[in-house]
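# Results of the structural survey
Below, each chain spelled out in residue letters.
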Protein chains: 4
Amino acid sequence: MSYEVRGLHEECGIFGIWGHQDASKVTYFGLHSLQHRGQEGAGIVSNDQGELKGYRDLGLLAEVFDSPKHLEELTGNAAIGHVRYGTSGSGGINNIQPFLFKFFDGSFALAHNGNLVNAKSLRQEVEKEGGIFHSNSDTEILMHLVRKSQKDTFIDRLKEALNQIKGGFAYLLLTEDAMYATLDPNAFRPLAIGQMKSGAYVVASETCALDAIGATFVRDVEPGELITINDEGMTIDRYTEDTQYAICSMEYIYFARPDSNIKGVNVHSARKNMGKNLAKECPVEADMVIGVPNSSLSAASGYAEMSGIPYEMGLIKNQYVGRTFIQPTQELREEGVRMKLSAVRGVVEGKKIILVDDSIVRGTTIRRIVTLLKNAGAKEVHVRISAPPLKFPCFYGIDIENKKELIAARLTNEEIREEINADSLEFLSEEGLIEAVGLQLDAPYSGLCMAYFNGDYPTKLYDYEQNLLNDQGV
Amino acid sequence: MSYEVRGLHEECGIFGIWGHQDASKVTYFGLHSLQHRGQEGAGIVSNDQGELKGYRDLGLLAEVFDSPKHLEELTGNAAIGHVRYGTSGSGGINNIQPFLFKFFDGSFALAHNGNLVNAKSLRQEVEKEGGIFHSNSDTEILMHLVRKSQKDTFIDRLKEALNQIKGGFAYLLLTEDAMYATLDPNAFRPLAIGQMKSGAYVVASETCALDAIGATFVRDVEPGELITINDEGMTIDRYTEDTQYAICSMEYIYFARPDSNIKGVNVHSARKNMGKNLAKECPVEADMVIGVPNSSLSAASGYAEMSGIPYEMGLIKNQYVGRTFIQPTQELREEGVRMKLSAVRGVVEGKKIILVDDSIVRGTTIRRIVTLLKNAGAKEVHVRISAPPLKFPCFYGIDIENKKELIAARLTNEEIREEINADSLEFLSEEGLIEAVGLQLDAPYSGLCMAYFNGDYPTKLYDYEQNLLNDQGV
Amino acid sequence: MSYEVRGLHEECGIFGIWGHQDASKVTYFGLHSLQHRGQEGAGIVSNDQGELKGYRDLGLLAEVFDSPKHLEELTGNAAIGHVRYGTSGSGGINNIQPFLFKFFDGSFALAHNGNLVNAKSLRQEVEKEGGIFHSNSDTEILMHLVRKSQKDTFIDRLKEALNQIKGGFAYLLLTEDAMYATLDPNAFRPLAIGQMKSGAYVVASETCALDAIGATFVRDVEPGELITINDEGMTIDRYTEDTQYAICSMEYIYFARPDSNIKGVNVHSARKNMGKNLAKECPVEADMVIGVPNSSLSAASGYAEMSGIPYEMGLIKNQYVGRTFIQPTQELREEGVRMKLSAVRGVVEGKKIILVDDSIVRGTTIRRIVTLLKNAGAKEVHVRISAPPLKFPCFYGIDIENKKELIAARLTNEEIREEINADSLEFLSEEGLIEAVGLQLDAPYSGLCMAYFNGDYPTKLYDYEQNLLNDQGV
Amino acid sequence: MSYEVRGLHEECGIFGIWGHQDASKVTYFGLHSLQHRGQEGAGIVSNDQGELKGYRDLGLLAEVFDSPKHLEELTGNAAIGHVRYGTSGSGGINNIQPFLFKFFDGSFALAHNGNLVNAKSLRQEVEKEGGIFHSNSDTEILMHLVRKSQKDTFIDRLKEALNQIKGGFAYLLLTEDAMYATLDPNAFRPLAIGQMKSGAYVVASETCALDAIGATFVRDVEPGELITINDEGMTIDRYTEDTQYAICSMEYIYFARPDSNIKGVNVHSARKNMGKNLAKECPVEADMVIGVPNSSLSAASGYAEMSGIPYEMGLIKNQYVGRTFIQPTQELREEGVRMKLSAVRGVVEGKKIILVDDSIVRGTTIRRIVTLLKNAGAKEVHVRISAPPLKFPCFYGIDIENKKELIAARLTNEEIREEINADSLEFLSEEGLIEAVGLQLDAPYSGLCMAYFNGDYPTKLYDYEQNLLNDQGV
C-alpha cells in the first residue's frame, strides 16, 4: 500500500461509466479506490437522458457525499467523477472537477488528470479574444478550444483542441449522448478501460478501480487515442499519430496503488523487483530489513527476499492521522511527542537495520525516521532508496517541489547521508529501475519518463522553459 | 499493525499524566496512539490547581477535539483521558469518559478500561438505597461505592470500593491533589507507567502511548496495585494480596498495537512467533503466504520466515474507509462492488496461497476474503489462524459475540472449512500460543487468560453466571 | 411581541402531552411557541408503552432537532419537552432537560421551570449521604428526594419531596404510566392545561403553546397542586394547602408572549393597559410615541391611544441578528456601525418623541437607543417605562442581574435620566402596574410578586438569605 | 418592518465601499441590513492594493461568514458585497455573487441587483462565438460584453456593454483601481451613495445600509449614470441620456425596509400613507385594525390613525421560524397545529376586524390568516390591501409568480373575497398608491413602475415578449 500523502503528490484520479442504472453510485465506489490520487475535493456529474447533473465539494469523497441524497440526485445511466489533489493556494470549490458547462446548444462535463505545459499561453490567447475562465485549472482550456473551433462536428472540434494542448493529460468528457476518454501523446498518466458484468463500459485512472467495482480489464487507453463510448458501444479513434510512450515512472515507484497494473505491469511486483535490484546493487550486512510504511513495504520485502535478511515490522504508522489533527508544539516535539510513525523498540533495539524508502525529496522525513530508529536503540541504519535520486521538477502532473528544494539536486550522495544521519545511503540505478518495471516499449528508457532523474523531458516545455533555465523549477 | 475495527472490539484505552505544563495536550497525543482501542468517543479532564475541567464527545479523538480551543481550555498540569469503544445501543454522550463528578466537598474524574462481572447487582443495591446513576456504564459504580464508604480517608474508601468490584478493570482517577491508577487482581487489561524527560509521570493502557510522547517505560502496574501520583512523586500501594495473573491473550493476538510491550513481551514479536509456531504445527505446500491486513501481517511474516515460502502483498486494504462511507447496495455487491479489501490479481492469479488471519468469529469475513482471492484467480487458499478457535464469550472487557454466534462453538473444523470455502483450515494450538507469547508467570497458562478458547474463567462470574449456563453468552 | 433576548432572561419553558399518537411531534410544535423562554438548549423525552426515550442538545429547538429522524425515533403517545435558558457558565449538555433517569425498577423524565431557594443545602445533604449529582441544575434534586423517600407509593414519595423544596417551580414528570404536573405554593411561574380535539391532555408554560397546537384551554394549574394525567384521564390533587398567589409580574411585563393568557389575563392587553396607565400617570407633550421593538410595542400603542399622540415606527429591529453574528469592533462602533436597532430618520427627524420601554436593567441599552434617536435628528426624547424601577434580584427563576448592577438600585431617577441622556424619564407606579394587570386574587398585591420592585419576597430565602444581606444579589 | 420572505421575493442587495481600512467588515455590516433582500447566499470581494480576494457561500450572511477568519482574510480598503435571493432550481454556489474574474491583464468583481430582459439572447450570441458561462445568472453577461468590446478604454468598453443590456439593473463593479456603480435607464432598482465620517464612499441598495454603518446620505444614483469611485474621489458620468424614471412600486409597498428612503421618500411613511388612503377609499365599521406582521404594520397603523379605529396586536409572528424547521404533517395541521402566525384570542374574540395586508399573490396565505382569526373568535374580518391587485408578472428583478398563479389575474374581486373567506375585500386604487408614495417625477405614474397592476411595461420585453403573449408569465 503506497498511497498516503507525503512530499510528492499526484494530481487527480478520474472515473467514468456509460450504460449502468446505478452509474453515479458505481462512480462513487470507483472513485473511492482512487482516493489516494487526490484528497482535496471530489465530484460526480451524471447524465440522465441527456440532462447533466453534478455535485462536488472540497474534502474526501466520503465527506463530499456525506449524505446519500447527494448521490441519489445524480440519476441517470452514465457518469464521470474526479478526485482532486490541489497545490497550495489553488483551493476553492471552483477548481473541483468535473467541470459542468451548460450552453444553449448542449451540456458538457469534463474531468482531467495531468498538467499542460502550454496552458498559460493558450489561456492568455483566449482571454485576449474575450474568453472568460472561471478556475485556475488547466482543465478548462480544453472546453474553450473546443467551443472556439470552427470545425463541423463535435469530434473534429475536440480533435483540433487536443492537438493544441501539450503536456500530460488524461481527460474524461461527458456529453448528452456520449462519454469520451483520451490520453496525451506520451501516455504520461495511466488510463484503463474495463467492462462490468452487465456490459457497461468504465474508464479509470487505475485498474484497482476496475477491481473495486467487479469490472473486467479490457485494455489501456493508448497515447493519442480518443475513445468514444455511447449506447452503440465503444469506438476507438485517435487525434494524432505523433506519439511515443513515456509513462510516468513515479506511478510505479510511489503513486499508484500496489494492486493496480499499468501497461500490464503490476505495481506491487514492480516495486518488489525494485527492492530486489536494490539488494543486488547495494548490499549491506544487517540484522533486518524495514520498509517505511506504507509506500515502501513492497520494495522492502523484495530487498529482504533477495538478500535473505529477515523482513521486520520496525515502524508503525498511526492509521488515525487525518487532516484535522492538532499538531504538537515545537516544545512537545523536542520532548519526543510524535504522531505518525513509531519505531518498535522491542524489534529494533541493538540491531543493524536496512531501511528501505522509495524516494527522498527534501530529506527531512527520512532524517526524522532515521533518528526515530536510532532513538529506539538501532545500532546502525543503512538507507536504501528504491529509485534513482530526484533531481528535476515534473511538469506533467506531479507536484514535485522545485529544483532548489530537491536535496539530490544540491548535494552529493555523501552529503545527503550525513544530513540524514544514516550509516550508509544508496539509490537504485536508472537501469535497475527500468529493468525492475520491465516495460519493453519501443521508446527511450523502454517507455518510462525518467525526467525527474535525468532532466530528459519527453516534450518541449513551452511555458515552463524559462522556469527550468532559472533553475527554479515550477 | 493490528488495530482496525472488525468482529472483536476492545473496550477502551486510558491515559493520564501528572506534573506537566501541557498536561492535556500530552494526553491528547497519548490517547491518539490508543485510538485503536476505541473509536466511539473520547474525552479529557484536566486539573488546574485543584479545579477539574473536562471536555468529551462522540467520535474519534480528532473529531472530538476538532478545534484547538477545546484543548486550550483544559489548562493545568495534570490530566486523564479516555477513548471509548461502545457496544451497540449504549451510545450517547452520557457514557463518554472520563466521568467528572463535582461534590460540595471535592471533584473527581474517572476513566475505566474493562468490564465488571458484578456491576449489575451492585448497581441495583445502590439504587435501592436511593442512589442515581447517569450512565449505562460499569464505570460509575466505583464512585458510588467510594462515596458510600464510611472509612476515614479517601484512600481507604477507594480500597474498600475496589475490593467490592469484581472482573477486569484498569482505572485512572483524578482528584484535586492526586492521580490514582489501579488494576484488577488478575491484570486482565494492560496498564503501564512511564516518565517523561521533564520528570512527569504518565500512565497508559499500552506502552505505544509512552513511545508516542517520548516517555521512558518505568514498569507495568501489577495486579491488585493502587498507584498514587502527586506532587511528591509516585507511591505504590495495593488494595488486595489475593492476585493471580491472567493477562488477556487477545491483547497479544489481536487488540494491542504491534509496537506495544505487555508485561515485557513485544506484541509484534509475539505475533511473529505465533506465525512461526503455526508454520511448524500446520505446514502446507504453497506458492506464497498472505496476511489479512492489517492485523495479521506480523503472524504472516512469521509463517513465511519459518516455512521459507515467500511473503506477498496479495490483499490491499483501502485506507479511506470511514464510518461515513455510503455502502454498496446488495445488487452492486453482487456485481462485485467492494470497498475495504482488494485482492491483487497480478500477484495471486494461478497461485496456491496460505492465508494467515488471527481469529475467526462468525466466519463471514474470512469467507469473503477467501472468495475474493479465488475470484482473483487463486488456485488454492489454505487458511491458517494464528490462535486457537474462539469458543467462549469474554466478560472482562472484550466485546466477543455471545457463544451462539461463535462459529467454532457450533461447528467442527471441517464444517468451518467448508463454510468458508477454504482448501484447508488449521488453528494454532493452545500450547503454541502460550509458547509464542512466552510469559513465564507463576499462574495457569503461564499467566494468560485462555477463557475464550477453553472456558476456564479465572474469576467467579457473578451476574453472568446464568448467561453462560443458558449457553447464550453475554 | 416581547420575546427577544435582552438583559433579563426567563429560565425555561416546559410542555407535555399524554395520549396522542404523534406525541413528540406535538411537543416539538408546542415547544416551538415557547422558544422565547429559552434558547440555550432543548430536549424531548417520549414514552412508548412504558419505554422512555430521549433526545436533547445545545441550541435552538430547530437546531437540536435538525434532522427529522431525531423526532421520529421518539415514538410513543406521551412526551414531555423543555427549552432552556442557561446562565453563563452553566452550559454543557448535561444540564439540558428533560433529565432521563433509568433505574432497575423504572424510568423517569423530569423537566423544570423555575429556581429553588434551598437547592444548595438540600444537595449538600444528599451528597453527604453518598448521593451523586450529574448536573449543576436545581432540577435534579427532586429526583434524589423522591428516590430517598421511605413512603410507600410513588405519589406519596413525590408529595414528600415537593414539600421539601422551596422557591419557584413548575415541574413536568413523565413515568412509565403517567405524566405529572405540579406548581410551587406561590404559582410564581405560569402553567396551563389544555386539551386537543382528539382528547389528549397537554400542559404548557404558556397558553400560546396551546393555541399553536390547536388545543383548547382547560384551566391553569393552581399553586400547590399535583396533577396526574394517565390513560384514565386527569386527576387533580395537591401536596400542600399552605399556598398564596405571587405570580411573577415580569411575566406580564416582559417575558410571556403577548398572545398568552396568565390566570385569565391576556398579556398584550395587560401591557397595553400599562401603557395607558403610564400615559395617565406621566404625560408629556410630544409629536409621536415610539416603542422599543419588539417587547414594548403593546405598551407604546396603549400610551398612544390614551394620550392621543400618534404611534409611529421610529425604530427598526433587524430580524436577522443571531448568536453567530460577528460583532463590530469598538472602532467601527464609534464610526456609527450598529446591528440590531436602527432609527428611522425620515420619521423621527426634528420630532419630540415619547420612547416607551418595559424595563431598565443596567441602563446601557436604553442609553444607546436614546442616542440613536438623537443622532437621527430627534429633538427631544422622553423615556417612559411601563413598569416600576427594578431594584432587587429575583430568586424564583428569572436571571435578573445582581443588585449592584441594577441601575435603579444605585441611582435616583434624575441621575438615571442624566445617565441615559433622556429629556425626561418616568416609571409606572406599583399601583399602576397592579391595576393594569387587573388580577383580583386574595393575596398581597392582588396576587403579583413585586419583589424586584420593593424587596418584599413572598418566601423565606434560605440559601440566598446571605446574598441579599451582602447586597450582592445572586 | 416588511422584510420577511413570503410569496414575493426581491432579487438581491448590493453594497460597496472604497477607502476604508476595514472595508470588508463595513461591507459585512452593510449587507447585514440588506439581508431582507436575499437569504439564499452572500459574498464579499475585497481589494487589497490591487489584489482581489473573495469569499462566498450559500446561506444567510451570518452563516456564510460563520468564522471571523473568513472576513479577516478579505484584507484591503475597498470591497463590494452581495446578498442573493435565488429562484428555485437556480441554487448552487456558482451563482452566489460577487463574481470574481481573474484575467492575465487584471481582475474584476461584479455584483448585480435586477433582471435583464435580453440576457438569454445576448448569452446565446456570446456562446455562439465560443464564450463560456459559468452561472445561470444574468449578471455574468456584462463581463462578457466588456471583454468582447473593441473600445480603447475600460470605461468606454463598460459603457458600450451597458448600452447592450436591457431591463432592470443596479451593478457594482470592483477593479484593481476603482469601484463603479451604475443603474438602468429606468431606475427600477434603488441605489444610494453615502459617505462615512472617515470620508470613505459607500454605495448600497437601500439607505438603511448607510444608517447601519453611520454613513451620511449623499445622493441617489440616477438612471443611466455610471459612478466611478477611486482614490481621487467620486466622478459622475453617464452611459446614456435616454432615461425615464420607473421606480419599482413594490419596493415601497413590500420589499424595502421601512427605515429606508427611496428617491427621498421614507418607506414607512409611504406605507402609512397607503394605509391612510386605503381608509379613505374603503372605509368599514369595525372594532379594531390589525396588520399582518411584519410587512403590513405601517399601513395598518395608517389605516387606524385615519379611521380612528384602534390599532391592535391581534396576530403574533413566531420569530424563531427558520429554514430548518420541521413542518407539521397534514394530519397535525388539521388538528390546528401551526407555526408562524398565531391569532391573539384574548384580543380578537367577538370583534369585528379590519385586516390590513400589502398584497395578495395566490390568496392562500391571506385565506389562512382570515381562518385563523375566525377560529379565534373574530366576528367579522374585512380585508384591506394597501396596494392595487397584482395582475401581471415582473421582469425587472422581482420574482412575481407567473400570471396564471396571480389570483387577481383570474378572479373578480367578489370571487377572491369568497375564496379567502373574508367578509369584505377592497384594494387601494392605482391613484391612491401613487399619491401615497408622493413622487413627483416627470414620467408616467409620477415615476413609479405600475406594470404588475396594469401591464404597462416601461421597456420592450425582448426575450420575455413571448412569455407574456402565452399568458404564462416568467
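Residues numbered from 1 in each chain as written. Chains lettered and ligands numbered in written order. Predicted model: local features only at pLDDT ≥ 70, side-chain atom pairs only at ≥ 80, totals over all residues. Heavy atoms only, no water.

Here chain B sits on chain A after a turn of 180° about the axis and a move of 0.0 Å along it, with an RMSD of 0.1 Å. On this basis, the relationship between the two copies can be described by a two-fold rotation axis. Judged by C-alpha distance, Gln319 of chain B is the residue of chain B that lies nearest the rotation axis, at 4.0 Å. When the interface residues of chain B are mapped onto chain A, 100% of them again lie at the interface, so the same face is used by both copies. (Least-squares fit on C-alpha atoms with pLDDT ≥ 70 in both. Contact = heavy atoms within 4.5 Å.)

This next bit is on the packing of aromatic side chains. Throughout the structure, instances matching the rule amount to 66 aromatic pairs over all chains. Residues Phe101 of chain B and Phe103 of chain B carry aromatic rings whose centres are separated by 6.3 Å and whose planes lie at 5° to one another, so their mutual orientation is stacked. Of the residues examined, Phe103 of chain B reaches a relative accessible area of 8% and is grouped as buried. Joined through ring pairs, the aromatic side chains of Phe99, Phe101, Phe103, Phe108, Phe154 and Tyr180 of chain A make up one cluster. The residue whose ring lies beneath Lys460 of chain B is Tyr462 of chain B, and the NZ or CZ to ring-centre distance is 4.9 Å. (Phe/Tyr/Trp six-rings, centres within 6.5 Å; stacked < 30°, edge-to-face > 60°. Buried < 20%, exposed > 50% of the residue type's maximum accessible area, 1.4 Å probe, protein only. Lys NZ or Arg CZ within 6 Å of the ring centre and 35° of its normal.)

Residue-level contacts link 69 residues of chain C with 69 residues of chain D. Here chain C meets chain D over a buried area of about 5800 Å², counting both sides, of which 58% is carbon and sulfur. Taken together, the links from chain C to chain D amount to 2 salt bridges. Between Glu312 of chain D and Lys272 of chain C there is a salt bridge, with its nearest N and O atoms 2.2 Å apart. For the pair chain C and chain D, the number of links is 16 residue pairs in polar contact (both at pLDDT 80 or more). (Buried area = accessible area lost by both parts, 1.4 Å probe. Salt bridge = Lys/Arg side-chain N within 4 Å of Asp/Glu carboxyl O. Polar contact = N/O pair within 3.5 Å; in protein donor to acceptor, adjacent residues only side chain to side chain.)

Okay, the pairing of strand β13 (residues 233-238) of chain B next. Residues and elements named next belong to chain B. As defined by bridge partners, strand β12 (residues 225-230) adjoins β13 across 6 bridges and the pair is classed as antiparallel. For Leu226, the partnering residue across the bridge sits in β13 and is Asp237. Where β12 folds back onto β13 in an antiparallel hairpin, the turn is made up of 2 residues. (Pairing = 2+ DSSP bridges. Helix = DSSP H or I, 4+ residues; strand = E, 2+ residues; numbered from the N terminus.)

Attention shifts here to the confidence of the model for chain A. Residue and element names in this part refer to chain A. In the predicted model, chain A carries a mean pLDDT of 91, and 94% of its residues have values of at least 70. Low confidence marks residues 1-8, where pLDDT is under 50. Its contacts with residues over four positions away, or in another chain, come to 47 contacts. Overall fold confidence for the complex sits at a pTM of 0.88, while the interface term, ipTM, reaches 0.86. (pLDDT = per-residue confidence, 0-100.)

All names here are of chain D. Here helix α9 (residues 267-281) spans 21 Å end to end across 15 residues, near enough to the 21 Å set by a 1.5 Å rise per residue. Taken together, the buried positions of α9 are occupied by Val267, His268, Ala270, Arg271, Lys272, Met274, Gly275, Asn277, Leu278 and Ala279. Here α9 starts with a cap whose side-chain oxygen sits 3.2 Å from the backbone nitrogen of His268, and that cap is Asn266. (Expected span 1.5 Å × (residues − 1).)

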